[in-house]
Amino acid sequence: MAIQPIDLSVVYSQMDNVAKFNASQNQLVQSANQQGRDRTAEQNLQRSKTVQEAAKQEVGSNTIKNDLQEGGAGSGPQGQGKKKKRRDDTEAQELPPSPQEFTDPCLGNRIDIIG
């Protein structure tokens with residue numbers, strides 16, 4: 001039984017349709033992957049901006065904390081920083097010296113395996 005030219009044209013047109021369908025599916029997958037990569041890159045950019053902003057805020061808060069510990073200018077809780085610091089220094093000076101600990105230099109060097 002021989003193949004007729006009409007049969008070949010039908011086969012070729014069906015192969016063309018299948019190829020177009022496969023190509024469109026590949027393009028959809030590629031575009032979805034690209035969108036996912038774009039979304040991930042945007043999220044990473046947002047995270048890095050957040051970290052940089054937090055670092056800037058931390059630097060600013062450290063200077064404020066340092067100013068408060070040094071006493072700062074003004075009245076209220078800020079002005080009381082020096083008084084507390086002086087009081088803590090005098091309390092530390094008034095405490096008697098703690099007794100020195102005696103340590104054995106051979107401690108931990110010899111192990112009794114006899115029991």
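Residues numbered from 1 in each chain as written. Predicted model: local features only at pLDDT ≥ 70, side-chain atom pairs only at ≥ 80, totals over all residues. Heavy atoms only, no water.

**A word on the overall build of the protein chain**
Looking only at helices and strands, the protein chain has 2 helices and 0 strands in total. Within the protein chain, the proportion of its 115 residues that are buried is 2%. Accessible surface computed for the protein chain: about 11,200 Å², of which carbon and sulfur atoms make up 55%. (Helix = DSSP H or I, 4+ residues; strand = E, 2+ residues; numbered from the N terminus. Buried < 20%, exposed > 50% of the residue type's maximum accessible area, 1.4 Å probe, protein only. Areas by Shrake-Rupley, 256 points an atom, 1.4 Å probe, with all protein chains shown as cover.)

**Describing the pattern of salt bridges**
Taken as a whole and assessed by the stated rule, the structure comprises 1 salt bridge. Asp16 is paired through a salt bridge with Lys20; the nearest N and O atoms lie 3.4 Å apart. Note that Asp16 and Lys20 are positioned in helix α1 (residues 5-70) at a spacing of 4 residues, about one turn of the helix. By relative accessible area, which is 55% here, Lys20 ends up exposed. (Salt bridge = Lys/Arg side-chain N within 4 Å of Asp/Glu carboxyl O.)

**Comments concerning a nonpolar patch on the surface**
The grouping of Ile3, Leu8, Val11, Tyr12 and Met15 at the surface amounts to a nonpolar patch, some 520 Å² of accessible area in total. Looking at the secondary structure, you find Val11 in helix α1. Judged by its relative accessible area of 42%, Val11 falls in the partly exposed class. (Patch = residues over 30% accessible without salt bridge, like charges linked within 9 Å, V, L, I, M, F, W, Y side chains within 5 Å.)

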